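Residue strings, one per chain:
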Amino acid sequence: MEPKHTIELREITMENFRECIHLSVAEHQRGFVASNMYSLAEARADGVSNPLAIYADGQMVGFTMYCFDPKSGTGFIDRLMVAADHQGRGHGRAAMTEVIERLRGTAGCRCIRTSFEPTNAVADALYQSLGFRKTGEIDDGEVVAVLEVAETK
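Model, not experiment: these values are computed from the prediction.

Draft legend 1. Expanded view of unusual backbone geometry. At D57, a position not held by glycine, the phi torsion is positive, near 50 degrees. Within the secondary structure, D57 sits in the loop between β2 (50–56) and β3 (59–69). Using a relative accessible area of 48% as the deciding quantity, one classes D57 as partly exposed. For D140, which is not a glycine, the phi torsion comes out positive at approximately 50 degrees. Residue placement: D140 occurs in the loop between β6 (133–139) and β7 (142–148). For D140, a relative accessible area of 75% translates into the label exposed.

Draft legend 2. Representation of the packing of aromatic side chains in the model. The tally for this structure, following the rule as stated, stands at two aromatic pairs. When the ring of F116 is compared with that of Y127, the centres are 5.8 Å apart and the planes differ by 50 degrees; the resulting orientation is tilted. Remark: Y127 occurs in helix α4 (residues 121–129) and F116 occurs in strand β5 (residues 111–116); sequence separation between them is eleven residues. With relative accessibility at 4%, the residue F116 sits in the buried group. Within the aromatic cluster, the residues linked to one another by ring pairs are F116, Y127 and F132.

Parameters and conventions
- Residues numbered from 1 in each chain as written.
- Predicted model: local features only at pLDDT ≥ 70, side-chain atom pairs only at ≥ 80, totals over all residues.
- Heavy atoms only, no water.
- Helix = DSSP H or I, 4+ residues; strand = E, 2+ residues; numbered from the N terminus.
- Buried < 20%, exposed > 50% of the residue type's maximum accessible area, 1.4 Å probe, protein only.
- Phe/Tyr/Trp six-rings, centres within 6.5 Å; stacked < 30°, edge-to-face > 60°.

Have a look at this one:
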């Protein structure tokens, strides 16, 4: 599904911090993704994650976070969430596509990994449609999927 709105990923700043931490998924999805507040704290603590707000036509609609490990040549998409009242409009797909392109453009990136709760059929379908394949690994209870972006040397 093509997004009906223009998607932009923006840095989390003091101006949009509060709005970001108040975004939430639907009640039945709460176990699928960490809160944005937890994710921002994790990014601050690990010093390598890139937390970004997802905007559609100038309005914050979600959150994503990714990082890159130059040693392994692996990008990691650690978070993707679209607020409950903005779901079903293609924002998650558009944001994932943008993050994938950013990682593809990173020198040395050979693959991108992500993970999701086994019962999250929407995430499973989205990642498969973007070319991710399940590795068979389970990491902290989550299904691991990988997207090859370049030939391994």
